[in-house]
Amino acid sequence: MIKALILGAFYLMIYYLVGFAAVKISKGNEKKDSVMLMGVFTYAVFFWMIGFPMKLLKIKVSTIGTVWLVVLGLGVALILWKWHRAMLDDLKYRLSDLWEHKWTSMGIAAVILFELVWVELQSVPGSPMDVSYYIGEISSAVFDNMAGVSDPYSGAQLSHFSATYVMETYLLHSSVVCRLFHIAPLIEVRTVMAAVAVILFNIILFQIGRCLFKDCRWKILLLLSGAFVICLFSNSIYVPGDFLLMRAFEGKNFLANIFIPVIFLYFLQLLEKERRSVWAGLFLAVCASFTYSMSAIFLLPVMLLGIFVPLVINKRSWKTALKAVGCMIPCGAAMAFYLCASRGYILLRI
């Protein structure tokens, strides 16, 4: 339990540091932009850039972990050296904001805490086969010290990487963390990442509430509470609530309850005012989605078209249209890779 709490706090701290740097580099405003969300997407993309090619080269998980730990350590040191004063000012601002809205802040914290307890105490998995895959994949990678080379259900050696899952590095990251810090896969995935997913979901809803209700905290509190109640009584595999409350640690949950809602959030922010940091966040979110679930190659293009068409019509700007096309490029690239790999044009032999 203590290891889980420490690891969860470590993840949130890293997301904040990376997100703060990403917001600054994209010339955003840390008071307006969600630093935590930007950090999640940036962190996932950078890990993919290192982990994915090393996975294809069949490099050991322990080696990938060592390389990533060095890169992450250097990155954190650089961020702290460059922006430590700005971060202190930002933290002071956030503390003062919490104190100014202390009653609604306590209400929001209570809602999130109740959700966390509910998810962590949920002992019945939504899909036993999917749970077996997630835990088995990480356990096999930790045991073999190789990622994606063993069948997660039987442990049998595979002859080639799965075209469906090879681009995903979400589980590779979990394997690296479990191998580096000697944490059981069930704790890292089922406990820590489930809690992280719930927290991120509520951060997105909070930001959506700020856009819709002009930062009225009581209305935001009602939004978060109402969303939880809806999820609580949505007992169907076809709705996001099933993933959030019963399968929170799965990549599909991140797609359904993190990436799709955050695209809507960025749409609202772009409607209000086009900012470079919002476009950067949207692009990073699209890229990061494929590292969690390849189902994104089917869902995200539809979602993006659904927001870009009215956005371009509203703005009546060619620059907006070009930026929208730029955000669609990762979808096309991921789909092309999947089709080539699944049809044998790209060989993924082990």
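In case you missed it, the structure is sitting above this.
Read on for an overview of the structure. Note that this is a predicted model, so its numbers are computed, not measured.

**A word on the layout of surface pockets**
Put simply, the largest pocket is a space of about 1,000 Å³. Lining of the largest pocket is provided by 30 residues; of these, Met 36, Arg 94, Leu 98, Ile 203 and Phe 206 occupy positions nearest its centre. Going through the elements one at a time, α1 (2-25), α2 (35-56), α3 (61-100), α4 (102-121), α7 (185-212) and α8 (217-232) are the ones with two or more residues in the lining of the largest pocket. Considering only residue class, the lining of the largest pocket consists of 18 nonpolar, 4 polar and 8 charged. In this structure, the second largest pocket spans a volume of roughly 450 Å³. For the second largest pocket, the lining is made up of 19 residues, of which Val 18, Ala 21, Thr 42, Phe 46 and Ile 79 are closest to its centre. Broken down by secondary-structure element, the contributors of at least two residues to the lining of the second largest pocket are α1, α2, α3 and α11 (276-292). Partitioned by chemical class, the residues of the lining of the second largest pocket number 15 nonpolar, 3 polar and 1 charged.

**Quick word on the environment of Val 176**
With respect to the helices, strands and loops of the structure, Val 176 is situated in helix α6 (residues 170-181). Given a relative accessible area of 1%, Val 176 falls into the buried group. In contact with Val 176, other than residues within four places in its own chain, are Phe 47, Val 61, Ile 64 and Gly 65.

**Looking at the packing of α1 against α7**
One can describe the packing of α1 onto α7 by two numbers: an axis separation of 10 Å at closest approach and a directional angle of 45 degrees. Looking at the two axes, α1 sits oblique to α7. Both α1 and α7 take part in a crossing whose hand is right-handed. Between α1, through Ala 4, Leu 7, Gly 8, Tyr 11, Leu 12 and Tyr 15, and α7, the contact on the second element is made entirely by Ile 187, Glu 188, Thr 191, Val 192, Met 193, Val 196 and Ile 199. Class assignment for the residues of the contact of α1 with α7 results in 10 nonpolar, 2 polar and 1 charged.

**Structural notes on the packing of aromatic side chains**
Overall, the coordinates contain 18 aromatic pairs when judged by the stated rule. On the basis of an interplanar angle of 55 degrees and a centroid distance of 5.3 Å, the ring pair of Tyr 170 and Phe 254 is categorised as tilted. Pair noted here: Tyr 170 is in helix α6 and Phe 254 is in helix α10 (residues 251-272), with a separation of 84 residues, a long-range link. A relative accessible area of 5% places Tyr 170 in the buried class. Over the ring of Trp 99 we find Lys 102; its NZ or CZ atom is 4.8 Å from the centre of that ring.

**Focus: the state of the cysteines**
Working definition: the covalent bond between the sulfur atoms of two cysteines is a disulfide. Taken as a whole and judged by the stated rule, the model has 0 disulfides. Residue Cys 331 stays outside any disulfide, its sulfur separated by 8.5 Å from that of Cys 287, the closest cysteine. Judged by its relative accessible area of 3%, Cys 331 is buried. Sulfur of Cys 340: no disulfide; nearest cysteine sulfur belongs to Cys 331 and is 16 Å away. Judged by its relative accessible area of 28%, Cys 340 is partly exposed.

**Considerations on the packing of α7 against α10**
For the pair α7 and α10, interaxial distance at closest approach is 10 Å and the crossing angle is 20 degrees. Here α7 lies roughly parallel to α10, going by the angle between them. In terms of crossing hand, the pair formed by α7 and α10 is left-handed. Here Met 193, Ala 197, Leu 200, Phe 201, Ile 204, Gln 207, Ile 208, Cys 211 and Leu 212 of α7 lie close against α10, whose contacting residues are Asn 253, Phe 254, Asn 257, Ile 258, Pro 261, Val 262, Phe 264, Leu 265, Leu 268 and Gln 269. Here the contact of α7 with α10 is built from residues that sort into 15 nonpolar, 4 polar and no charged.

**Regarding a positive patch on the surface**
On the surface, a cluster of positive charge is contributed by Lys 27, Arg 276, Lys 319 and Lys 323. Examined against the element boundaries, Lys 323 turns out to sit in helix α13 (residues 318-342).

**As for α6**
The end-to-end C-alpha separation of α6 is 17 Å, in line with the 16 Å expected for 12 residues at 1.5 Å each. Most of α6 sits out of view: 9 of its 12 residues are buried. Taken together, the buried positions of α6 are Tyr 170, Leu 171, Leu 172, His 173, Ser 174, Ser 175, Val 176, Val 177 and Cys 178. Positive phi appears at His 182, one or two residues downstream of α6, with a value of about 55 degrees.

**Section: empty space enclosed by the protein**
Within the structure shown, the criterion is met by 3 cavities of 30 Å³ or more. By volume, the largest cavity is sized at about 120 Å³. Surrounding the largest cavity, Tyr 15, Tyr 43, Ala 44, Phe 47, Thr 169, Tyr 170, His 173, Ser 174, Glu 188, Met 193, Thr 291 and Tyr 292 form its lining. Counting only elements with at least two residues in the lining of the largest cavity, the list comes to α2, α6, α7 and α11. For the lining of the largest cavity, the per-class residue count stands at 7 nonpolar, 4 polar and 1 charged.

Rules of the game
Residues numbered from 1 in each chain as written. Predicted model: local features only at pLDDT ≥ 70, side-chain atom pairs only at ≥ 80, totals over all residues. Heavy atoms only, no water. 1 Å grid on protein atoms, 1.4 Å probe; cavity = no way out; pocket = protein on both sides within 12 Å on 5 of 7 lines; lining within 4 Å. Points joined across faces, edges and corners; volume = space filled by probe spheres on them. Helix = DSSP H or I, 4+ residues; strand = E, 2+ residues; numbered from the N terminus. Nonpolar A, V, L, I, M, F, W, Y, C, P; charged D, E, K, R; others polar. Buried < 20%, exposed > 50% of the residue type's maximum accessible area, 1.4 Å probe, protein only. Contact = heavy atoms within 4.5 Å. Axes fitted to C-alpha atoms, helices over the stretch in contact; angles between N-to-C directions. Parallel < 35°, antiparallel > 145°, perpendicular 65-115°, else oblique. Left-handed = near helix turned anticlockwise from the far one by under 90°. Phe/Tyr/Trp six-rings, centres within 6.5 Å; stacked < 30°, edge-to-face > 60°. Lys NZ or Arg CZ within 6 Å of the ring centre and 35° of its normal. Disulfide = S-S within 2.5 Å. Patch = residues over 30% accessible without salt bridge, like charges linked within 9 Å, V, L, I, M, F, W, Y side chains within 5 Å. Areas by Shrake-Rupley, 256 points an atom, 1.4 Å probe, with all protein chains shown as cover. Salt bridge = Lys/Arg side-chain N within 4 Å of Asp/Glu carboxyl O. Lys, Arg positive; Asp, Glu negative; His and termini not counted. Charge placed at Lys NZ, Arg CZ, Asp CG, Glu CD. Expected span 1.5 Å × (residues − 1).

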